[in-house]
Structures are given as C-alpha cells and as structure tokens.
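Residues per chain are reported as follows:
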Amino acid sequence: MTELLTAAQMRATEGAAMESGAVTGLDLMERAGQGLVAAVFAQWPELARGPHRAMVLSGPGNNGGDGFVVARLLAERGWAVEVLFFGGPDRLPPDARTNHDRWGGVVRDLAAPGAMAGQPAPDLLVDALFGTGLARPLGGPLVPVMAETARMRAQGARVVAVDLPSGLCSDSGRPLGGCFTVDLSVAFHRAKPGHHLAQGPAHCGRIVVAPIGLEDRKRGAGDPAGAVTLVDPAREAGAKAGLNHKYAHGHALVLSGGPGRTGAARLAARGALRIGAGLVTLGVPPAALQEAAAQLTAIMLERVADGPALEKTLADDRINALCLGPALGVSADRATLVAAALRCNRPTVLDADALTLISGDAALLDLLHDTCVLTPHGGEFARLFPEIARKLDAPATSGPAYGKVDATREAARRAGCTVLFKGPDTVIASPGGACAINSSAYDRAVPWLATAGSGDVLAGLVTGLLARGLAPHRAAETAAWLHSKCALSFGPGLIAEDIPERLPGVLRTL
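What counts as what
Residues numbered from 1 in each chain as written. Predicted model: local features only at pLDDT ≥ 70, side-chain atom pairs only at ≥ 80, totals over all residues. Heavy atoms only, no water. Phe/Tyr/Trp six-rings, centres within 6.5 Å; stacked < 30°, edge-to-face > 60°. Helix = DSSP H or I, 4+ residues; strand = E, 2+ residues; numbered from the N terminus. Buried < 20%, exposed > 50% of the residue type's maximum accessible area, 1.4 Å probe, protein only. Lys NZ or Arg CZ within 6 Å of the ring centre and 35° of its normal. Pairing = 2+ DSSP bridges. Right-handed = clockwise from strand over helix to strand, strands pointing away. Expected span 1.5 Å × (residues − 1). Axes fitted to C-alpha atoms, helices over the stretch in contact; angles between N-to-C directions. Contact = heavy atoms within 4.5 Å. Salt bridge = Lys/Arg side-chain N within 4 Å of Asp/Glu carboxyl O. Polar contact = N/O pair within 3.5 Å; in protein donor to acceptor, adjacent residues only side chain to side chain. Disulfide = S-S within 2.5 Å. Parallel < 35°, antiparallel > 145°, perpendicular 65-115°, else oblique. Left-handed = near helix turned anticlockwise from the far one by under 90°.

**Let's talk about the packing of aromatic side chains**
Right, so step 1: This structure, assessed with the given rule, holds five aromatic pairs.
Right, so step 2: For the pair F86 and F130, a centre-to-centre distance of 6.3 Å together with 70 degrees between the ring planes defines the contact as edge-to-face. One end of the pair, F86, is in the loop between β3 (80-85) and α4 (94-103); the other, F130, is in the loop between β5 (124-128) and α5 (142-154), with 44 residues separating them in the sequence. Both residues of the pair, F86 and F130, count as buried.
Right, so step 3: Ring centres of F381 and F385 lie 5.1 Å apart, and the angle between their planes is 50 degrees; this geometry places the pair in the tilted category. Residues F381 and F385 agree in their burial class; the two are buried.
Right, so step 4: An aromatic cluster is defined as three or more aromatic residues linked by ring pairs; in this entry it consists of F381, F385 and F421.
Right, so step 5: The aromatic ring of F421 is capped on one face by K404, whose charged end is 4.4 Å from the ring centroid.

**Notes on the pairing of β3**
Right, so step 1: For β3, the tally of buried residues reaches five of six residues, placing the bulk of the element in the interior.
Right, so step 2: Of the strand pairs in this sheet, strand β2 (residues 53-58) and β3 are connected by six bridges, and their pairing is parallel. Its bridge partner lying in β3, V56 is registered against V83.
Right, so step 3: Read as a crossover between parallel neighbours, the route from β2 over helix α3 (residues 62-76) to β3 is right-handed.
Right, so step 4: Two elements, β3 and strand β4 (residues 107-109), share three bridges in a ladder whose sense is parallel. Bridging from a neighbouring strand, L84 pairs with R108 of β4.
Right, so step 5: Taking the sense of rotation as the criterion, the β-α-β connection linking β3, α4 and β4 turns out right-handed.

**Looking at helix α16 (residues 454-467)**
For the α-helix, the turn length of 3.6 residues means that residues three or four positions removed from each other point alike.
Right, so step 1: In a regular helix each residue adds 1.5 Å, so 14 residues correspond to 20 Å; α16 covers 20 Å between its end C-alpha atoms and thus fits that length.
Right, so step 2: Counting buried residues along α16, 13 of its 14 residues qualify, which places the element largely inside the surrounding structure.
Right, so step 3: Looking one or two places after α16, you find G469, whose phi comes out positive at around 105 degrees.

**Some details on the sheet that holds strand β13 (residues 319-324)**
Each strand in a sheet pairs with its neighbour through backbone hydrogen bonds, running either in the same direction (parallel) or in the opposite one (antiparallel).
Right, so step 1: The 11 strands lie next to each other as β1-β9-β18-β17-β16-β15-β14-β13-β10-β11-β12, forming an open sheet whose pairing is mixed. A strand with exactly one partner marks an edge of an open sheet, and here the two such strands are β1 (2-4) and β12 (300-303). Mean inter-strand twist for the sheet, computed between neighbouring axes without regard to direction, equals 25 degrees.
Right, so step 2: Where strand β14 (residues 348-350) and strand β15 (residues 372-374) come together, three bridges link them in parallel fashion. Within β15, the residue paired with L350 across the bridge is L374.
Right, so step 3: Across the sheet, helix α7 (residues 263-274) touches β10 (251-255), β11 (279-284) and β13, and the angle it forms with β11 is around 165 degrees.

**Overview of the pattern of salt bridges**
Right, so step 1: What the rule picks out here adds up to 21 salt bridges.
Right, so step 2: Among the ionic contacts, a cluster of salt bridges with common partners joins E387, K391, E410 and R414.

**Some details on the environment of G131**
Right, so step 1: With respect to the element layout, G131 can be found in the loop between β5 and α5.
Right, so step 2: Sequence separation between G131 and A38 is 93 residues; the distance between their C-alpha atoms is 19 Å.

**Looking at the side chain of T463**
Right, so step 1: Locating T463 in the fold gives a position in helix α16.
Right, so step 2: A polar contact is formed between the side chain of T463 and the backbone oxygen of A459, at a distance of 2.7 Å.
Right, so step 3: Dropping the residues within four chain positions of it, T463 is found in contact with A252, A321, L322, C323 and V349.

**Things to note about the state of the cysteines**
Right, so step 1: With the rule as written, the count across this model stands at zero disulfides.
Right, so step 2: Not part of a disulfide, C344 finds its nearest cysteine sulfur in C372, a span of 8.8 Å.
Right, so step 3: Judged by its relative accessible area of 22%, C344 is partly exposed.
Right, so step 4: Lacking any disulfide linkage, C372 is separated from the closest cysteine sulfur, that of C417, by 5.3 Å.

**As for the environment of R102**
Right, so step 1: Mapped onto the secondary structure, R102 falls in helix α4.
Right, so step 2: With 33 residues separating them in the primary sequence, R102 and V69 have C-alpha atoms 8.2 Å apart.
Right, so step 3: For R102, the residues in contact, after removing those within four places along its chain, are L26, E30 and R72.

**What about the side chain of E30?**
Right, so step 1: Along the chain, the position of E30 falls in helix α2 (residues 25-43).
Right, so step 2: Given a relative accessible area of 17%, E30 falls into the buried group.
Right, so step 3: Beyond its immediate sequence surroundings of up to four residues, E30 is in contact with V69, R72, L73, N99 and R102.

**Digging into the sheet that holds strand β7 (residues 184-188)**
Right, so step 1: Pairing in this open sheet of seven strands is parallel, and the strands run β4-β3-β2-β5-β6-β7-β8 from one edge to the other. Looking at the sheet topology across the chains shown, the edges are occupied by β4 and β8 (206-210). Averaged over neighbouring strand pairs, the angle between their axes works out to 25 degrees when direction is ignored.
Right, so step 2: Where strand β6 (residues 158-162) and β7 come together, three bridges link them in parallel fashion. Considered in β7, the bridge of V160 is made with L184.

**What about the packing of α16 against helix α17 (residues 472-490)?**
Right, so step 1: Two elements in contact, α16 and α17, have axes whose closest approach is 8 Å; the angle formed by their N-to-C orientations is 135 degrees. The angle between the axes of α16 and α17 places the two elements in the oblique class. Crossing angle aside, the handedness with which α16 passes α17 is right-handed. Side by side, α16 and α17 meet where S454, L458, L461, V462, L465 and L466 of the first sit next to P472, A475, A476, T478, A479, A480 and H483 of the second.

Here is the structure:
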C-alpha cells in the first residue's frame, strides 16, 4: 500500500517524530535539502559533473528553510548560487531562520519590483516558496515571479519544486490562484494527493519521493478513514490458485440494450470474462438476441426483456455479480431492470445509462446497497450528486481546497456504496471513508484511453472481479489499475476492443 499524506497528516507525522526525540526540525530540513539535491543530480546527471549556476526562491516558512539548505549545499559544490527571499528573516520559523543564517551569502528581496526581470536563465531554478501548508492564493508581487520563472524555464532552466509547486493545493491538486509549473517535484517522505489529482500532474513535472528518516505514522482508531492510498500494482493480481471449477470463479450477468445497442454490453462482458469470471452471461432483450448471438462464443446468452424476466433469471443463485448500464437505454422498462437488479442485493456495477436512470429516480437511489459500485464520469457524477459537483467546481480560493477525494468520499457516504469517479485521476471511495487514487499521469499517462467503449470495458472488469469474490472497493481499485496498465501496454491507436485482449499479457507480468 502506497499512502499519500495530506498537509495535516504530514505535519502530524513530522510533529510526532520531533516530539519523540527521534529527530529534530533541523535534521528534517537538512535531509530534505540533501534529498532534493540528490534527486536533481539523478534527474539531470550533467549537473552533477561540475559547478553550474542556480537561483533559489525561498519563502517565509519551513519550505524556505529547505531552500536555504539547498543553496548552501550547492554552493559547497562550487556552484554560483543566487537566493531571492520572499519575506523577512525575523518572521521565519526558528529552524528556517537557522538555515537562513547558515547560508551566509547574499540574499535579495524577491518582492522588489523587477527582482528577476531581464536576468539570464540559470541552469537550475529551485521553487522553495510555499509547500504543503499553503492556504491562500498566490498573488501580488508573486505574479511577475511566476511569469519570470516560466520565461526562464522556456529558455532552458531546469525548474525543481521543494515538495510541490508553489500555488498548488497539496490535498486537492487544484491551483490556488496562480501556480508554478516545474520539471521536477521532490516530495519528502510520501507523495501528496495533489501530486496525482486534478491539475497537479500538469504542474508537477516528474515526481520523486525522497526519504527524510520519518517512520510511517501511527494510525488512531478513527484514522483509516482519513488515509488516501495510491493504487499499488503489486497488490492487483488476483491469483486463481486452488480454484478448479468454473463456478468457483463466479458467474457474471451483464445486461444489454436492444437492437443496435448490444456492443457496449458485449465489451463489458468480454472484460468480465478476461479478468477471470468463470462464466459470463449477456442478458439481452428478445429482439436483440440474433444480433448478439452472431458476435459471441464463450459468453452465454439469456433472454431478459424486463424486470420480471430478470427476477426469473436471478433465481439461479450462482449468478453472483451484475453489470447494468452500458447502452442499456433509459426507458421505463429499463428502469424496471435496475430496480430488479438492486432488489436482489448482489454485487452490482452501475454504469452509463443505469447511472442516468438512478439519478432521476429517488426510489432507485434508495435501493442502492453496500455491494454496489457506481462508475460515473464527470457528467454522470454531476447528475447523481449535483450539490457535491457544485462544490467541486467552485473556485479554489483557500487551502486545503475541496477536491476530488473529498467529493468522491462524500458521494460514497451519501450513496452508501463504493464510488469509482473516473478520469486520469480516478478516485475510488467507500462509505466508511477508505479512498484510493488510480493515477494515469507521469509515466502512466494514457491519453489514448479516451476512446469510445473504454468505460464499458472498465465496468466489465469490476464486475468480473466482483464475481471472483473481491470486495467492492478492492475490485474497483484493481480494475482501474489494470485498465490503465492494459492501455499503457498497447500504446497509441488503442480501441476499446484491445483492452481485454491485453489482459493476459499484463497478468503474466504480475
């Protein structure tokens, strides 16, 4: 499990370590500076081969203290280092003030008009202005600083951020007003949710996590609900060992739309079969049976016209996972299918048209139960949870800003089930507060996954894993990670039909 720490959790972790006597604030600051310099040299080895020119922008808090450490360490290596300070030494926290004094070199006022104007781009520019605790928008004299930093970056300066770019909310990934854009962000101890959410990846460049000697934080009785994890590929391969009969791997039922609308459900069914469900049946309206039969082999067919017909099908209690929504339709008879499926109280994935149906029907919303998984994209999320979506869309004027983790957690509590909020920063949350981020950014960026039908395959993957017995949250996490990994392994040119066919190779690597 890779845990991401919010600003408050990081402060608590550092505070607990210092209170225990295991480390001092000066120790942490020194290690942070050393970790950043090491990360810079690993990212750009040519900078380690001789002295160069650096510009360090230091802020009024402990992030600025880290900047003074970096300046001193580079100067000790023979670099020409220029420090521009935003603030006054007398207002620095004690440890940051100590490192300001240890620097001993020239410090220029960053707030002075034209402080960076017209200067040539350095080899390295260090953003140590504001870190994880930023609570207000950047503005005033920092507006031209952001513009000058962007100019220098365009002219070849390598820009590195201490923990995360100044102006970025560490909890939500939303810029608070203006925000720096950097080439490398060096996070200390743990990455932060904002590195992976919203606009975070667009501003952070590459992420490196530098250890600074902190222990994993001790969780209190209520704390697990506050933990946010990054979906970890090492956890995601579900082995079939010891199960030797197809029904031991579950039987998934995927419901289809009518004639001309069976393709989406067939994609979902294929995903469920490839992920390891022992049997998969496609429930099809009578008029679409011939169309579906012409396209299927290993996937079975069942005539399912409406809610009463589905209830008869579900008399077979070996069917242990359902998927409704891909091109299902939104007519009244389709709503009876959703109602019948929810009343059977089996693990159920609700996607696409099923989400549209429940968003407009309070009675259907009331039927949701804790083994459901909702898989909305942004528009569907807004229809399901309009009040939450408005909060998420409101301007971020202070930090920590309300973000996608907050929204998904609130939606899961309201719905009483797992919510998988899709996007490059997919967030999975459960009613009890458990939360994970599947980040398709940095070296896992897959823009070609934005193709018709890919969401239908994802719904099928979740369904197949539910059929195999995974709990809803774990099934959603695993499916989201494998979905991205399959797309990454294929590359540009991907279409939805390719995703299930990449699964065997991906699973072999795990």
